[in-house]
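Tertiary structure, described
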Amino acid sequence: MKHLAIGIVLSALFMAACGTVTKSGPAADRQAIAAATAQFQAAENAGSVDQFRSYFADDLVMMGPNEPPVTGADSVAALMRVFHHTYAVQVEYNSQEIVVFGDWAFDRGTERYTLTPKSGGSPIRKSGNYLYLYRRQEDGSWKQSRVIWN
């Protein structure tokens, strides 16, 4: 009987813990992530790689369409410098869902962007979807740890 009672208590604790994981985090965390995405957008539109690099976790993995993953914040920033040297970027991110689970969170949404070749030529307009996986840092800030779009 004692083992049955312990089993029931452990099951209840496990279920409560799992319920916590699947729920959205506090509103303040969701707001902080929305703000980080908005600030990232502003920095990207300004062409400031150094500024938007500050939103990357050191272990960032970026997965763009039809390209191999790029690993490491500095490697991603180097690639973005080349990209922003080639194009003037105007992007708009529209979050559809932000979910927080402990020290991890994701921001899922849509994006519309215009890439204007700096060497001249017609602007390229595209739209798609994105998924940013954020991780809470030791200082409490949220940084992008995994980034994927199509």
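That block above? That's the structure.
Residues numbered from 1 in each chain as written. Predicted model: local features only at pLDDT ≥ 70, side-chain atom pairs only at ≥ 80, totals over all residues. Heavy atoms only, no water.

Description of the environment of Trp104
Rules: Secondary structure is summarised from DSSP: a helix means a run of H or I of at least four residues, a strand means a run of E of at least two, and numbering begins at the N terminus for each. Only heavy atoms matter for contacts: two residues are in contact if any of them lie within 4.5 Å across the pair.
Within the secondary structure layout, Trp104 lies in strand β4 (residues 104-117). Separated by 29 residues in the primary sequence, Trp104 and Leu133 place their C-alpha atoms 7.2 Å from one another. With sequence-adjacent residues up to four places away left out, Trp104 is seen in contact with Val99, Leu133, Tyr134, Arg135, Trp142 and Ser145.

Re the sheet that holds β4
Which entries qualify depends on this criterion: Strands are labelled as partners when DSSP assigns at least two bridges between them. To get an axis, a line is fitted to the C-alpha atoms, and for a helix only the part in contact is used. The angle between two axes follows their N-to-C directions and goes from 0 to 180 degrees.
Spatial ordering of the open sheet is given by β2-β1-β6-β5-β4-β3, a layout of six strands whose pairing is mixed. Two strands bound the open sheet, and with one partner strand each, they are β2 (70-71) and β3 (87-101). Note that β3 and β4 share 14 bridges and pair antiparallel. Bridge pairing in β4 places Phe101 opposite Trp104. In the packing of helix α2 (residues 27-46) onto the sheet, the strands contacted are β1 (56-63), β3, β4, β5 (124-136) and β6 (142-149), and the crossing angle to β3 comes to about 170°.

Considering the side chain of Asp29
What counts, and what does not: Polar contact is the term for a pair of N or O atoms within 3.5 Å; when the atoms are in protein, one must be able to donate a hydrogen and the other to accept it, and sequence-neighboring residues count only if both atoms are side-chain atoms.
Here Asp29 shows up in helix α2. Only 3.1 Å separates the side chain of Asp29 from the side chain of Arg136, close enough to count as a polar contact. Those residues within four positions of Asp29 in sequence are excluded, and the remaining contacts are Val100, Arg136 and Trp142.

Quick notes on helix α4 (residues 73-86)
The condition that has to hold: A helix is expected to span 1.5 Å multiplied by its residue count minus one. Burial classes: relative accessible area under 20% of the type maximum marks a residue as buried, over 50% as exposed, and values in between as partly exposed (1.4 Å probe, protein chains only). It is the directions from the helix axis to the C-beta atoms that the arc portrays.
The end-to-end C-alpha distance of α4, which contains 14 residues, comes to 20 Å, matching closely the 20 Å that a straight helix rising 1.5 Å per residue would cover. Ala73, Val76, Ala77, Met80 and His84 are the residues of α4 that are buried. Relative to the axis of α4, the buried residues are bounded by an arc of 95° and lie together on one face. Exposed side chains of α4 directed beyond 90 degrees from the buried face belong to Asp74, Val82 and His85. In this structure, the buried residues of α4 make contact with α2, α3 (49-53), β1, β2 and β3.

Description of the pattern of salt bridges
Our working definition: Every case where a carboxyl oxygen of Asp or Glu lies within 4 Å of a side-chain nitrogen of Lys or Arg is listed as a salt bridge.
All told, the structure shown has nine salt bridges when counted by the stated rule. Of the charged contacts, one joins Asp29 and Arg136 as a salt bridge, the two residues approaching to 3.1 Å between their closest N and O atoms. On the criterion of sequence distance, the pair formed by Asp29 in helix α2 and Arg136 in strand β5 is long-range, its members being 107 residues apart. Look at Asp29 and you get buried, because its relative accessible area is 12%. For Arg136, a relative accessible area of 24% gives the class partly exposed. Linking Asp103 and Arg136 is a salt bridge whose minimum nitrogen-to-oxygen distance equals 2.8 Å. With Asp103 in the loop between β3 and β4 and Arg136 in strand β5, this pair connects stretches of sequence that are 33 residues apart. Using a relative accessible area of 43% as the deciding quantity, one classes Asp103 as partly exposed.

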